[in-house]
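Coordinate inspection notes
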Amino acid sequence: QVQLVESGGGLVQTGGSLRLSCTASGSIFSVNGMGWYRQVPGKQRERVATITSGGSTNYIDSVKDRFTISRDNAKNTVLLQMNSLKPEDTAVYYCNAVIQSIARVTLSYWGRGTQVTVSS
């Protein structure tokens, strides 16, 4: 069974930085697209950044020039470097990955989430 585990969340002041990490493990044949999403209470989960298996990236406008998504395919890991953090970045951040299992079934998987809090 495939599992995603996030780490790196925490409490920082405005302007600070955090690096989120997510590693996929289990019966994995291949990892396709990976990404980070965030959610605040009472609001819909939103896509923050995604990266393809080949390294092509996409960001929502509000985080461009501040966040950088990258991946290490050998480790089945996706990273999100978050700089110049703002209070509006406060949310639970979730890792997502589209993974083909050893059984050759392709599904979208979610991590349990990691809290990011930016104080003003």
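Quick look at the structure, then. (Residues numbered from 1 in each chain as written. Predicted model: local features only at pLDDT ≥ 70, side-chain atom pairs only at ≥ 80, totals over all residues. Heavy atoms only, no water.)

Under the criterion given, the structure shown has one aromatic pair. Measuring from centroid to centroid gives 4.9 Å for Tyr37 and Trp110, while their planes differ by 70°, and the two rings are edge-to-face. Taken together, the positions of Tyr37 in strand 4 (residues 28–39) and Trp110 in strand 10 (residues 106–110) put the pair 73 residues apart, joining distant regions of the chain. For Trp110, a relative accessible area of 39% gives the class partly exposed. The cationic tip of Arg45 hangs over the ring face of Trp110; the distance from NZ or CZ to the ring centre is 4.7 Å. Across the ring face of Phe29, the terminal group of Arg104 is positioned such that the distance to the ring centre comes to 4.7 Å. (Phe/Tyr/Trp six-rings, centres within 6.5 Å; stacked < 30°, edge-to-face > 60°. Helix = DSSP H or I, 4+ residues; strand = E, 2+ residues; numbered from the N terminus. Buried < 20%, exposed > 50% of the residue type's maximum accessible area, 1.4 Å probe, protein only. Lys NZ or Arg CZ within 6 Å of the ring centre and 35° of its normal.)

Moving on, we come to the pattern of salt bridges. Taken as a whole and assessed by the stated rule, the structure comprises four salt bridges. As a salt-bridge pair, Asp89 and Arg38 come within 3.1 Å of each other at their nearest N and O atoms. One end of the pair, Asp89, is in the loop between strand 8 (77–82) and strand 9 (91–101); the other, Arg38, is in strand 4, and 51 residues separate them in sequence. The exposure classification of Asp89 matches that of Arg38, with both residues buried. Lys64 serves as the salt-bridge partner of Asp61, at 3.1 Å between the closest nitrogen and oxygen. Given the relative accessible area of 41%, Lys64 is considered partly exposed. In the salt-bridge network here, residues are joined through shared partners; they are Arg38, Glu46, Arg66 and Asp89. (Salt bridge = Lys/Arg side-chain N within 4 Å of Asp/Glu carboxyl O.)

This next bit is on the state of the cysteines. For the structure shown, the criterion picks out one disulfide. Residue pairing for Cys22: its cysteine sulfur links by disulfide to Cys95, the two sulfurs lying 2.0 Å apart. One quick way to see it: the torsion about the S-S bond of Cys22 and Cys95 is about -80°, and its sign makes the bridge left-handed. You can see Cys22 sitting in strand 3 (residues 18–25) and its partner Cys95 sitting in strand 9, a full 73 residues away along the chain. Both residues of the pair, Cys22 and Cys95, count as buried. (Disulfide = S-S within 2.5 Å.)

Turning to the pairing of strand 5 (residues 46–51), a few remarks are in order. In regular strands, side chains alternate between the two faces of the sheet. Pairing of strand 4 with strand 5, which is carried by five bridges, proceeds in the antiparallel orientation. Considered in strand 5, the bridge of Gly35 is made with Thr50. Taking the residues between adjacent antiparallel strands as the criterion, strand 4 and strand 5 are bridged by six residues, where Gly42 takes a positive phi near 85°. The sheet contact formed by strand 5 and strand 6 (residues 57–59) spans three bridges and is antiparallel. By the bridge assignment, Thr50 is partnered in strand 6 with Asn58. Linking two consecutive strands that pair antiparallel, namely strand 5 and strand 6, is a turn of five residues; a positive phi of about 100° is found at Gly55 within it. (Pairing = 2+ DSSP bridges.)

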